[in-house]
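The lines below spell out each chain.
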Amino acid sequence: MNQHKCWIILILVASLQIWSTESWSNETILDSLSFPCNIPRASKITLQQFQTHYRETTPVILENMVNNSPFRYACEKDRLLELYSDQFVTLSSANSYSYDKKVIEFGDYIGNHISGQDFNVNGADTYYQFGDNAIVFGSLVDGYVLPDVLDADQFPSFSFGIAGDATGVPFHVHGAVLAEVIWGKKHWFLYPPEEFPAFNPDVTSLIWRLENYDFISQTNPPMECTLLPGEVLYIPSHWHHSTLNIGQSVFISAFI
């Protein structure tokens, strides 16, 4: 190989190092578990179709509705760290009520607190970033595009979150929501308002899945599915739902 070719190779390698991005990890301790999907899907539906068939009646996974590639690009790990590393973010306890909060620098959170769920720590003592950070990530969230399923007078409030593998929030309820995973995967368990699932609000989603799910799924199985990037889950008001992150997960929810 002549000297000219060597210099070309060195320049290409250096360019790749400069422009490469540090990815969110997809490694998970959940590979041995099965995650079925029984939530209906709808692709490229209109506002009228959404209102007729799904609004405040049944959950649905919306596909091929919008292209959020620019937002996904903005949420790459190194780009978020470049912009927000020294910003303070609020972490919420990962139990059903999420009342307890901690404030921490974003860089510290990403560097030291998203390694994954500890089997020996309950939900009330597990903290991760979801909700309560609208001011910090406001300009980022402005770049997110919602599916066209809202009325003109509906103005959603957004929650932007990042979590480690096998973390999640036990069953809880609130108003209707549109939830999208930007990076990683997130499994959802749902029950309608009239069915109260058997769970402990302070036990993590991981422990519930390992110790309770198999029995419960035989007698009163939940609606459930793993959400992938580009898919949007609609949950009507007052449906019980629980989440379990598979690998590191970046996600956004629009409360409507």
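Reference entry: report on the structure contained in this document. Predicted, not measured: the structure shown is a model, and the values here were computed from it.

### As for the overall build of the protein chain
From N to C terminus, the protein chain includes eight helices and 10 strands. Counting across all 256 residues of the protein chain, residues that qualify as buried make up 47%. Of the contacts made within the protein chain by residues no fewer than 6 positions apart, 83% connect residues no fewer than 24 positions apart. Entry remark: accessible area of the protein chain is about 13,000 Å², with carbon and sulfur atoms responsible for 54%. Across the protein chain, the centroid of the 12 positively charged side chains sits 8 Å from that of the 28 negatively charged ones.

### A few points about the sheet that holds strand β5 (residues 127-128)
Strand order in this open sheet of three strands is β4-β3-β5, and the pairing throughout is antiparallel. Whereas interior strands pair on both sides, the edge strands pair on one side only; in this sheet they are β4 (101-105) and β5.

### Brief notes about the pattern of salt bridges
Across all of its chains, the model carries six salt bridges by this definition. The closest approach of N and O atoms between Glu231 and Arg41, which form a salt bridge, is 3.0 Å. Taken together, the positions of Glu231 in the loop between β8 (223-227) and β9 (232-235) and Arg41 in strand β1 (residues 41-43) put the pair 190 residues apart, joining distant regions of the chain. Since its relative accessible area comes to 36%, Arg41 is described here as partly exposed. Here Asp151 and Arg55 are joined by a salt bridge, their closest N and O atoms 2.7 Å apart. One end of the pair, Asp151, is in the loop between α6 (138-141) and β6 (157-163); the other, Arg55, is in the loop between α2 (47-53) and β2 (60-63), and 96 residues separate them in sequence. Residue class for Arg55 comes out partly exposed when judged on its relative accessible area of 27%.

### Considering the pairing of β6
With five of seven residues buried, β6 lies mostly within the body of the structure. Across seven bridges, β6 lies against strand β10 (residues 240-255) in antiparallel orientation. Bridging across to β10, Ala163 finds its partner in Ser249.

### Side note on the pairing of β10
When you tally the buried positions in β10, you get 15 out of 16 residues, the bulk of the element. Examined bridge by bridge, strand β7 (residues 177-191) and β10 share 13 bridges and lie antiparallel to one another. Paired with Lys185 across the bridge in β10 is Ile246.

### So, helix α4 (residues 77-84)
Think of an α-helix as 3.6 residues a turn; residues three or four steps apart then line up on the same face. Along α4, the residues classified as buried are Lys77, Arg79, Leu80 and Tyr84. Looking straight down α4, one finds that the buried residues subtend no more than 165° of arc, so they occupy a single side. In the core, the buried residues of α4 are packed alongside α3 (69-74), α5 (106-112), α6 and β6.

Basis of the calculations
- Residues numbered from 1 in each chain as written.
- Predicted model: local features only at pLDDT ≥ 70, side-chain atom pairs only at ≥ 80, totals over all residues.
- Heavy atoms only, no water.
- Helix = DSSP H or I, 4+ residues; strand = E, 2+ residues; numbered from the N terminus.
- Buried < 20%, exposed > 50% of the residue type's maximum accessible area, 1.4 Å probe, protein only.
- Contact = heavy atoms within 4.5 Å.
- Areas by Shrake-Rupley, 256 points an atom, 1.4 Å probe, with all protein chains shown as cover.
- Lys, Arg positive; Asp, Glu negative; His and termini not counted.
- Charge placed at Lys NZ, Arg CZ, Asp CG, Glu CD.
- Pairing = 2+ DSSP bridges.
- Salt bridge = Lys/Arg side-chain N within 4 Å of Asp/Glu carboxyl O.
- Arc of directions from axis to C-beta.

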